[in-house]
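Per-entry structural report
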Amino acid sequence: MNSIKHIENALKELDDEVQKILLDWGIPLNEKDNLMLPILQQKKVLTQTLEDLTYLKEHPPTPNQPCGISKHRE
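A brief structural summary. (Residues numbered from 1 in each chain as written. Predicted model: local features only at pLDDT ≥ 70, side-chain atom pairs only at ≥ 80, totals over all residues. Heavy atoms only, no water.)

**Remarks on the environment of Ile39**
Definition in use: A run of H or I in DSSP becomes a helix once it reaches four residues, and a run of E becomes a strand once it reaches two; helices and strands are each numbered from the N terminus.
Tracing the chain through its elements places Ile39 in helix 2 (residues 29–58). Expressed as a C-alpha distance, the spacing of Ile39 and Val18, which sit 21 residues apart in the sequence, is 7.4 Å.

What follows is the structure, encoded as structure tokens:
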């Protein structure tokens, strides 16, 4: 699935952004928190989406049936 590959790439880019912020000694700690919060929120959403798409790829729903993905989330 192309969407899975795109999400994996986006997650890697977000990880790179977080590392860049963490390694920048010129940014105060409280500012680092403010910069990383939206990135980590995006990462959480993308991670859940990736898990959902991976599950659906491995367990496709039967035709004309709801996928029921929410039953498999933690």
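**Focus on the pattern of salt bridges**
Operational definition: Salt bridge, as used here, is a side-chain nitrogen of Lys or Arg placed within 4 Å of a carboxyl oxygen of Asp or Glu. Here the term buried applies to any residue with accessible area under 20% of the maximum for its type, exposed to any over 50%, and partly exposed to those in between, with areas from a 1.4 Å probe on protein chains only.
Across all of its chains, the model carries two salt bridges by this definition. With a closest N to O distance of 3.2 Å, Asp16 and Lys12 form a salt bridge. Taken as a pair, Asp16 and Lys12 lie in helix 1 (residues 2–23) at a separation of four residues, close to a single helical turn. Given a relative accessible area of 42%, Asp16 falls into the partly exposed group. Between Asp15 and Lys43 there is a salt bridge, with the nearest N and O atoms lying 2.5 Å from each other. In this pair, Asp15 sits in helix 1 while Lys43 sits in helix 2, placing the two residues 28 residues apart along the sequence. Residue Lys43 is classed as partly exposed on the basis of its relative accessible area of 26%.

Read these as spatial facts, not as claims about activity.
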